[in-house]
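# Observations on chain architecture
Read off the chains here:
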Amino acid sequence: MEPVTLITGGSTGIGAATARTLLKQGHRVAVTARDADRLSAFSAAAGAGDRLMTIPGDTSDDSHVASAVRQTLQAWGRLDNVIANAGFSLPGILTEHTPEAMRAMVLTNVLGPALLVRETLPHLKESRGRIVIVGSVAGVKNTPGNLYSVTKWAAHALAENTRLLVTQDGVGVTLVAPGMVDTPFWDNRGGRPDDAPTMTAVQIADAIAFALNQPEGVDINHITMRPVGQIN
């Protein structure tokens, strides 16, 4: 039976690359994102027919998360994997952020994955499925005033305490923490630094697929990956 995977933040970047990789591997994939136009463009480009479902919504809104899960189950009757990928970073340091922008980033990067875990756990226990939370190397190191880093430290903690919660139920939990990746993530940060080494979104997608494709009884807990040449 084809596995069913739900990906948040899947219209561009790592999420879209992961969706394409899993579609090639025979998954049925539901993808959420806030930008309906980007979702439509991704769906048209993917050419996956009824094996791809796109669902506009905000991952920090519990009703949107519940709706995405419900639509996935109604379409395909099961849920085998969830990938909490939606997230964004603000340029500059926390003393330069507005409170509204800070709140939005914390809700998207921390509450969003927690809501996804909360909503999908009953179904993943049934399928003995897997959860992947996309973190960052910013979640294993600190830099001055970096609130994005704070949110990723929280996401990393969520991955481990979720693993402790569900491993005896047969559910796998993996944290994938990339370094610098060449994606639209950098668009609102003035572009990625010149001459910085980067990985591709496809390379991160391959790591996510590696975690999902482990045999029953094996759980990859934490993958940290950087491009060669990235120091921090």
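Here goes a summary of the coordinates provided. Bear in mind that the values here come from a model prediction, so they are computed numbers and not experimental data.

Criteria and cut-off values
Residues numbered from 1 in each chain as written. Predicted model: local features only at pLDDT ≥ 70, side-chain atom pairs only at ≥ 80, totals over all residues. Heavy atoms only, no water. Pairing = 2+ DSSP bridges. Helix = DSSP H or I, 4+ residues; strand = E, 2+ residues; numbered from the N terminus. Axes fitted to C-alpha atoms, helices over the stretch in contact; angles between N-to-C directions. Contact = heavy atoms within 4.5 Å. Expected span 1.5 Å × (residues − 1). Buried < 20%, exposed > 50% of the residue type's maximum accessible area, 1.4 Å probe, protein only. Right-handed = clockwise from strand over helix to strand, strands pointing away. Core = buried A, V, L, I, M, F, W, Y, C linked by side-chain atoms within 4.5 Å. Parallel < 35°, antiparallel > 145°, perpendicular 65-115°, else oblique. Left-handed = near helix turned anticlockwise from the far one by under 90°. Nonpolar A, V, L, I, M, F, W, Y, C, P; charged D, E, K, R; others polar.

### Considering the sheet that holds strand S1 (residues 4–8)
Each strand in a sheet pairs with another by means of backbone hydrogen bonds, the pair being arranged parallel or else antiparallel. Strands sit in the order S3-S2-S1-S4-S5-S6-S7 across an open sheet of 7 strands; the sheet is parallel. Two strands in the sheet have a free side with no partner beyond their single neighbour: strand S3 (52–56) and strand S7 (222–225). When the angles between neighbouring strand axes are averaged without regard to direction, this sheet yields 15 degrees. As judged from the 4 bridges shared by strand S4 (residues 81–84) and strand S5 (residues 130–134), these two strands associate in the parallel manner. If you follow valine 82 over to S5, its bridge partner there is isoleucine 131. The strands touched by helix H4 (residues 99–127) are S1, S4 and S5; relative to S4, the strand with the most contacts, the crossing angle is about 175 degrees. Those strands touched by helix H5 (residues 147–166) are S5, strand S6 (172–178) and S7, and its axis lies near 160 degrees from that of S6.

### Quick word on helix H1 (residues 13–24)
Taking 1.5 Å as the rise per residue, H1 with 12 residues should run 16 Å; its terminal C-alpha atoms sit 17 Å apart, in good agreement. Within H1, 10 of the 12 residues are buried, leaving the element largely enclosed by the surrounding structure. Every buried residue of H1 is accounted for by Gly13, Ile14, Gly15, Ala16, Ala17, Thr18, Ala19, Thr21, Leu22 and Leu23. Immediately downstream of H1, the backbone of glycine 26 shows phi near 100 degrees, a positive value.

### A closer look at the pairing of strand S2 (residues 28–33)
Burial analysis of S2 places 6 of its 6 residues in the buried class, the great majority of the element. Neither face of S2 is left uncovered, since the one carrying Arg28, Ala30 and Thr32 and the one carrying Val29, Val31 and Ala33 both have all their residues buried. As paired elements, S1 and S2 share 5 bridges and run parallel to each other. Bridge pairing in S2 links leucine 6 to alanine 30. Handedness of the crossover joining S1 and S2 through H1: right-handed. Bridge count for S2 against S3 is 5 bridges, and the pairing is parallel. Residue pairing across strands places threonine 32 opposite isoleucine 55, the latter belonging to S3. In this fold, S2 hands off to helix H2 (residues 36–46), which returns the chain to S3; that crossover is right-handed.

### Some remarks on the nonpolar core
Counting 31 residues, the largest nonpolar core has Val29, Val31, Ile83, Ile204 and Ile208 as the members making the most contacts within it. Taken together, the elements giving at least two residues each to this core come down to H1, S2, H2, S5, helix H6 (201–212) and S7. At 8 residues, H6 tops the list of elements feeding residues into this core. For valine 29, the contacting residues outside a window of four places in its chain are Thr5, Ile7, Ala19, Leu22, Leu23, Arg51, Leu52, Met53 and Trp76.

### Comments concerning the packing of helix H3 (residues 62–76) against H4
When two helices pack together, their arrangement is captured by the angle between the axes and the distance separating the axes. At a closest axis distance of 9 Å, the pairing of H3 and H4 adopts a crossing angle of 30 degrees. Viewed along their axes, H3 and H4 adopt a mutual orientation that is roughly parallel. Relative to H4, H3 is oriented so that their crossing is right-handed. Contacts between H3 and H4 involve Asp62, Val65, Ala66, Val69 and Leu73 from the former and Leu115, Leu116, Glu119, Thr120 and His123 from the latter. Taken together, the residues that form the contact of H3 with H4 break down as 6 nonpolar, 2 polar and 2 charged.

Keep in mind these numbers describe shape, not what the thing actually does.
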